[in-house]
Every structure is written in C-alpha cells, then in structure tokens.
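Chains, contacts and geometry: an overview
As a plain string of letters, each chain reads:
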Amino acid sequence: MFEHEIIAALQKSVKGEVRLEVPPDAKLGDFAFPCFSLAKELKKAPQVIAQDLAKSMHRPEIVREITAEGPYVNFFLDTTKVAKRVVERVFAQRKEFGASEKGKGRLAAIEFSSPNIGKPMHTGHLPSTLIGHSLGRLHEFHGYRVVRLNYLGDWGTQFGKLIHAYLTWGEKEKLEKEPVKYLVELYVKVTEESKKDLAHAEAARGWFAKLEKGDQMATGLWSKFKHYSVDEFRKMYAMLGIEFDSYNGEAYYAPKVESAIELLQKKGFAQLHDGALIVRIDGFDVPMMLKKSNGSTTYASRDVATLLDRIETIPFDVLLYCVGHEQSMHFQQLFSLMRKLGHGKNFVHVANGLYLLEGGGKMSTREGRTVFVEEVLNEAIALAKKTIEEKNPQLKRKDEVALQVAVGAIFFGGLLNDRAKDTVFDLNRFLSFEGDTGPYLMYTHARASSIITRAREFGLEPKASADFFVLKHPAEERVVKLMARFGQKTLDALNEYKPHVLAQYLIEFGRAFNEFYHACPCLSEPNEDVKRARLALIEASRQVLENGLRLLGITAPFEM
Ligand code: ARG
C-alpha cells in the first residue's frame, strides 16, 4: 500500500524506473531498493550509491528509517502510522479493501470447468473449476468485467457410442431414474462390446456421423442426454457458488467448423494428409488435425472455430483457458494459428497440474473406480458436519455452515499450491481446522467475529478513530504490515493467474493474526486506548480474511 510513496521519494533522486523489493528478512526492512542497475550510469559502486541515497534522499512520512546495507537501500516503515492509515482504509472500503481499478473498461473472458457430458463431473475438471472461479473474482475485484464460459464437452465420437448403446440396450425407465449414472453404464458396456465385436464400434461411428449431419433421431437423443448432464452440473455449481454466463460447448460451435476450415484453406494453411485434413504449425512435429478421413470434425477444429467465433462475438481484452497442462501443445498450436491468421489478442492457457491421491496415484482410479466431484463434495460435507457436531454442537444453521466449510476446504486445499504443479488432494487434511487449510482461516475469521460480537454486547464498537500509537507489540506490528500488503498480493495473484499467491499470503496473515490474538488480549485489556486500538485491528483483520477468502471462492461464516 505504501510502495508508491517510497517510489515517489526515490524518483526525486534517481532517474528511470524504480522498483522495490521485499527483503527476505524483516531485519532488512520492509522494502529494499537495489542499486545495481544504477552503477553503470553513475559510474559508482552500488554500495556507494546505496549509502549516498540513504543519507541524502527525502524520507517519506510513512518511513521511520532509511539505511544502506551493501548494494541495497532499506526502508523501515513507521508501524503506528501504517496501522492508522491501513485500518482507516479498511473501515472506509470494507469489502472493497485491496481492490483497484486496474481493469476498468476491460473485459476478461474466462473459460473454465468445461466438463464432458454423459458422465458425472470428474475430479480431473476440479482444478480448472476452482482456478477459473477464483480468477473470475480476482478480475472483478480489480475492475474488470468478467464473462464466464463453460465450454461443455458435448460433442465427439463418444456421443455416437452413447446413441448406439442406448438404441441397442437402453431402457427408458433406467435412464429417467438415474440418468447420468445410467449413461456411464451404457458407455462402459458399449466400450467393452466394441472390443469384442467391431460392428459396435462401426455403428457408433455411424451414429456420430449422423449426429453431425443433423439426423433427427440422433440429435433428439443427444439433446436428451445433454440436458440430464447439464442439470446435474448446475446443481453442483450451485453448491460451489459458481455461475456461468455461457454454456456454449463444443456442439454449439461444431456447425461453425466448416467455415473455419474454409478460411484456413483459403489462406493455404490446410492440407490433405492420408485423407485427413491437417494444418502444420511451425515448431511442432505433430500437425493439428482438422477433419478425420471420414469427414468428422475434431476437438482441434472445434477449438479453432470456437476461438474465431469468440473473437468476433465477445469483445474481450484477455481470454483465459483454464485447462490442464496435458493440453499445452494443443493450445500453443491454437494460439500460433490465430497469430498466423493475424489475430493479436491476448490468449492465455492457464495450465494446471493434476490432483493426486495421497501416495501419488492419479485421482481417476481409486480402488478401480472414478472419483466424481459430487462424491468428493458429499464426503466433505459429511466430514465437516462431524467436526461441527464435536466442536460446536449448539451452532445454528449447521447445514449451511457445513456446506461452507466443505466448499472452503476444497477450494483452499485445491488452490494452495502453485497451479502448475500437481497437488495431493487429501480431503481429511483439507478439512482440518489446523494447519494450512481453508477451515483454519475460516475459524480464524469466526474467532475475530466473536470478539467483535462480544465487544458490541459491552457497547464497544470497533472504530478507525482509535489511537494506534499505542500498538507496540511485535505481533501487532506484524499483522499491520501484512495487512498493508493485501491489495498487492491480490494483484500479484491476478497478474500471474495464480490464486495460490493469495492463498499462501492468507495463511501467513492468519498465523500472524492468531499470534496477535494469543499475545495481546483485547476485551480484558485494562488500558482503554489499547483495547480500542486492538479491537479496530481485529475488525480490520476480520475484513481482510473475509475479502481474501471470498476471492478464493470461499464464504467465511461469522460463527462455526
Ligand atoms: N472438455 C475438455 C476436457 O475435458 C476440456 C475443454 C477445454 N477447453 C477447450 N477450449 N478445449 O478435456
């Protein structure tokens, strides 16, 4: 929050761009200015420059001390002044504390989740779901308008299989009773039977070809299967608090493939190869396949048509694809192709690693069965309920809180590590009220809330007008300084498209708050000024936790 004041002061003595660093050790100050790059121009050793600057530069009001340490100028903030300014800002801005207008007038389109219909949502789609949702909130927080796109996997040869299977073995009653489960059964059956008898595989391909031609029977069944699936997805998204602006999936764009291919042919980019239509992209050995030899469209060609359509219909400034890193090559090729076509817009593949089981196994097979998001969510809710029963049996609205805790555990656990890496998805650990977890932070928030509630019972209202000069405890100083960094952290998370930057900061903040809570009593504090200052700091901390968790998709209850 105060960097710009130090930067402005430095700019009076230094030419060019000024960038501050945060020293690894707090003993070296709150901010540091490295002098290496000035050495050449000033023809002096960076150590000397640092010393000169520390002595001669103007000291901004918020800074207590400026020192030189080797090639760095170090700045120590005046914590009591920081406390006053930061708490005042929190009380003035509340839910908006930390927000900015960086993205004002800009539109971010975010594609995420994008499960495949005909199957329950699989945990493979969970990282994208959590990351995309958090990035949506981060963008809105920083002034962007956001369009959320769910690119359903609702097209492809698997639907030929399902149609064939349903027409061969299907029973209407079973489909109506538990549609998605039954579709999975049919899918497994047709896959097995196709291995034994190629005629089934042949028939399935035939049905997909008919579907692509708009055959009535095929289209009718496909649309029925789709609606059953989407209904289930929507229920799950509602529990997770996620909404989309568009569910236009692969099927929606399939009819646009033909004209996309024509464009590529006109430009001379497409070529025939063994009866299939392909496009070669510089730097890649494997070409993109646009059309199979039987004339069917492909995943790649649908993405080409989709992106061309999005460029035309959505006036986005940035388009994020939240999809697993196993599809990196596909997106690199897709984006290269767009640039070849002259589209210079900002497309980003926000790639994620896998969620693994404890011990390292892929989550797709647990004792031989698939793990579905719905199962994970229900298990989390049951576990959360159990903990609440143990810890706070009197709690009102238990079911609502249990859902919030379950969702909080999943979101936080799923977002805590760098998205580029794999994450061990350990639900029991994620649900623990201790450690680096969502419930730990939610509990910290509830703890702060309860102090405020009790203070109000004594007629004491937290106010930013408290006298913060009395806050001298190191635990108080730590909370204050971390609080001042909140906004920048949310911006870092956005700029890198990495929610874990915020999640890890929140853990640090939560720990600092709990240390403060234990070391510095509030309501029992005899000095009225200290009590009031602490109360204000507690309320401001609560607000920071609320805001930070919300940006990760988590609702922090006041009681739990
Ligand atoms: N439905 C796809 C899958 O399950 C993900 C879609 C990714 N987005 C895209 N534009 N291709 O793998």
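Each remark here, short or long, concerns the structure printed above.
Residues numbered from 1 in each chain as written. Predicted model: local features only at pLDDT ≥ 70, side-chain atom pairs only at ≥ 80, totals over all residues. Heavy atoms only, no water.

1. Notes on the overall build of the protein
The secondary structure content of the protein amounts to 21 helices and 12 strands. For the C-alpha atoms alone, the extent of the protein along its principal axes is close to 85 × 70 × 40 Å. A burial count over the protein gives 54% of its 560 residues as buried. Sequence separation of at least 24 residues holds for 73% of the intrachain contacts in the protein that already meet a minimum separation of 6. The averaged location of the 73 negative side-chain charges in the protein is 2 Å from the averaged location of its 77 positive side-chain charges. (Helix = DSSP H or I, 4+ residues; strand = E, 2+ residues; numbered from the N terminus. Buried < 20%, exposed > 50% of the residue type's maximum accessible area, 1.4 Å probe, protein only. Contact = heavy atoms within 4.5 Å. Lys, Arg positive; Asp, Glu negative; His and termini not counted. Charge placed at Lys NZ, Arg CZ, Asp CG, Glu CD.)

2. Quick word on helix α1 (residues 3–11)
Burial in α1 covers these residues: Glu3, Ile6, Ala9 and Leu10. What you see down the axis of α1 is that its buried residues fit within an arc of 130 degrees, all on one side. In this fold, the buried residues of α1 make contact with β1 (31–34), α3 (46–56), β2 (63–69), β3 (72–77) and α19 (474–495). (Arc of directions from axis to C-beta.)

3. With respect to the nonpolar core
Taken as a class, soluble globular proteins show a tendency for nonpolar side chains to be buried jointly. Ranked by size, the top nonpolar core spans 153 residues in total, and within it Leu10, Phe33, Phe75 and Met483 carry the most contacts. Excluding its chain neighbours within four sequence positions, the residues that come into contact with Phe33 are Leu10, Val14, Val18, Arg19, Leu20, Leu38, Leu53, Pro71, Tyr72, Val73 and Phe75. Formed by 33 residues, the second largest nonpolar core is a distinct cluster that contains Val147, Leu277, Val279 and Leu319. (Core = buried A, V, L, I, M, F, W, Y, C linked by side-chain atoms within 4.5 Å.)

4. Remarks on the sheet that holds strand β10 (residues 346–352)
Pairing in this open sheet of four strands is parallel, and the strands run β5-β4-β9-β10 from one edge to the other. For this open sheet the edge positions go to β5 (145–149) and β10, each flanked by a neighbour on one side alone. Taken over all neighbouring pairs, the strand axes of this sheet differ in orientation by 20 degrees on average, direction set aside. Note: strand β9 (residues 318–324) against β10, seven bridges, orientation parallel. Among the inter-strand pairings, Val323 is bridged to a residue of β10, identified as Ala351. Most of the contacts of helix α13 (residues 299–313) go to β9, to which it runs at about 155 degrees, and overall it touches β4 (107–111), β5, β9 and β10. (Pairing = 2+ DSSP bridges. Axes fitted to C-alpha atoms, helices over the stretch in contact; angles between N-to-C directions.)

5. Quick notes on the sheet that holds strand β7 (residues 276–279)
Pairing is antiparallel across the open sheet formed by three strands, whose spatial order is β6-β7-β8. Two strands close off the open sheet at either side, each with one partner strand: β6 (270–273) and β8 (288–291). Looking at each pair of strands side by side, their axes are set apart by 40 degrees on average, direction ignored. Relative to β8, β7 runs antiparallel, the two sharing three bridges. Across the sheet, residue Val279 finds its bridge partner in β8, namely Met288.

6. What about the packing of aromatic side chains?
Scanning the entire structure with this criterion turns up 24 aromatic pairs. Between Trp155 and Trp222, the aromatic rings sit 5.5 Å apart at their centres with planes inclined by 85 degrees, giving edge-to-face as the arrangement. With Trp155 in the loop between β5 and α6 (157–169) and Trp222 in helix α10 (residues 216–240), this residue pair connects regions lying 67 residues apart in the sequence. Where Phe335 meets Phe347, the ring centres are 5.5 Å apart and the plane angle is 35 degrees; that geometry is what we call tilted. Remark: Phe347 occurs in strand β10 and Phe335 occurs in helix α14 (residues 328–340); sequence separation between them is 12 residues. (Phe/Tyr/Trp six-rings, centres within 6.5 Å; stacked < 30°, edge-to-face > 60°.)

7. Here's the deal with the site of the ligand
Neighbouring the ligand are Glu111, Ser114, Asn116, His125, Tyr151, Tyr299, Asp303, Tyr321, Val323, Gln327 and Phe331. At 2.9 Å, a backbone N or O of Ser114 approaches a nitrogen atom of the ligand. For the ligand, whose unbound accessible area comes to 350 Å², protein coverage reaches 89%. For the shell around the ligand, the secondary-structure elements that each account for two or more residues are α13 and β9. Residue composition of the shell around the ligand, by class: five nonpolar, four polar and two charged. (Near = heavy atom within 4 Å. Polar contact = N/O pair within 3.5 Å; in protein donor to acceptor, adjacent residues only side chain to side chain. Areas by Shrake-Rupley, 256 points an atom, 1.4 Å probe, with all protein chains shown as cover. Nonpolar A, V, L, I, M, F, W, Y, C, P; charged D, E, K, R; others polar.)

8. Concerning the packing of helix α12 (residues 257–266) against α13
At a minimum axis distance of 9 Å, the contact between α12 and α13 shows a crossing angle of 90 degrees. Taken together, the axes of α12 and α13 are roughly perpendicular relative to one another. Residues Val257, Ala260, Leu263 and Leu264 of α12 pack against Ser301, Arg302, Val304, Ala305 and Leu308 of α13. Looking at the contact of α12 with α13, its residues break down into seven nonpolar, one polar and one charged. (Parallel < 35°, antiparallel > 145°, perpendicular 65-115°, else oblique.)

9. Some remarks on the pairing of β4
With five of five residues buried, β4 is to be regarded as a mostly interior element. Burial along β4 is two-sided: the residues Leu107, Ala109 and Glu111 and Ala108 and Ile110 are all buried. Sheet topology note: the β4/β5 ladder contains five bridges and is parallel. Paired with Leu107 across the strands is Arg145, a residue of β5.

10. Examining the environment of His139
Inspection of the secondary structure assignment puts His139 in helix α5 (residues 126–141). Between the C-alpha atoms of His139 and Arg106, which are 33 residues apart in sequence, the distance is 9.8 Å. Residues within four places of His139 in sequence aside, it is in contact with Ala108, Ile110, Tyr144, Val146, Leu320, Leu494 and Tyr497.

11. Structural notes on the pattern of salt bridges
Applying the stated criterion across every chain, the model contains 40 salt bridges. The closest approach of N and O atoms between Arg148 and Glu140, which form a salt bridge, is 3.1 Å. Looking at Arg148, the relative accessible area reads 11%, which means it is buried. Residues participating in the shared-partner salt-bridge network are Arg94, Lys95, Glu539, Arg542, Glu546 and Arg550. (Salt bridge = Lys/Arg side-chain N within 4 Å of Asp/Glu carboxyl O.)

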